[in-house]
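Structural overview for review
Chain by chain, the residues:
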Amino acid sequence: MWVEDFIRIGKKIKMIHEIKYKAETWFTGRNGLFKSSGISIRTTCEGHLHLVPLTSKGELAHCDIVIDKSILPELLQKLADHENCI
């Protein structure tokens, strides 16, 4: 979601971080595959994380994954398990 969208629907953004990838990757959007240069991590006051892909131009893509912060320990463990498989 765009910052304006968060404000419009009454969500307050607590923190924003961006991570740039070392190599170009892809994400799937409504209209197909797109190049991605990184990911934006946004935290809301409601206790959710929003993961938003960055386009190849460094702009926010029009999609996000919403994660409840209560599952972060389990999510991080599962991600660590996948890292060991690569």
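Scroll up to find the structure.
This one's a predicted model, so the numbers in the text were calculated from it and none came from an experiment. (Residues numbered from 1 in each chain as written. Predicted model: local features only at pLDDT ≥ 70, side-chain atom pairs only at ≥ 80, totals over all residues. Heavy atoms only, no water.)

What follows is about the overall build of the protein. On a plain count of helices and strands, the protein comes out with 2 helices and 4 strands. Put simply, 29% of the contacts in the protein that link residues at least 6 apart link residues at least 24 apart. Approximately 6400 Å² of the protein is accessible, and the part contributed by carbon and sulfur atoms is 59%. (Helix = DSSP H or I, 4+ residues; strand = E, 2+ residues; numbered from the N terminus. Contact = heavy atoms within 4.5 Å. Areas by Shrake-Rupley, 256 points an atom, 1.4 Å probe, with all protein chains shown as cover.)

Moving on, we get to the layout of surface pockets. Approximately 410 Å³ is the volume found for the largest pocket. As for the largest pocket, its lining consists of 13 residues, and the residues nearest its centre are Ile19, Ile39, Leu51, Leu76 and Leu79. Every element with two or more residues in the lining of the largest pocket is listed here: strand 1 (13-29), strand 3 (48-55) and helix 2 (72-85). Looking at which element gives the most residues to the lining of the largest pocket, the answer is helix 2, with 6 residues. Here the residues of the lining of the largest pocket sort into 11 nonpolar, 1 polar and 1 charged. (1 Å grid on protein atoms, 1.4 Å probe; cavity = no way out; pocket = protein on both sides within 12 Å on 5 of 7 lines; lining within 4 Å. Points joined across faces, edges and corners; volume = space filled by probe spheres on them. Nonpolar A, V, L, I, M, F, W, Y, C, P; charged D, E, K, R; others polar.)

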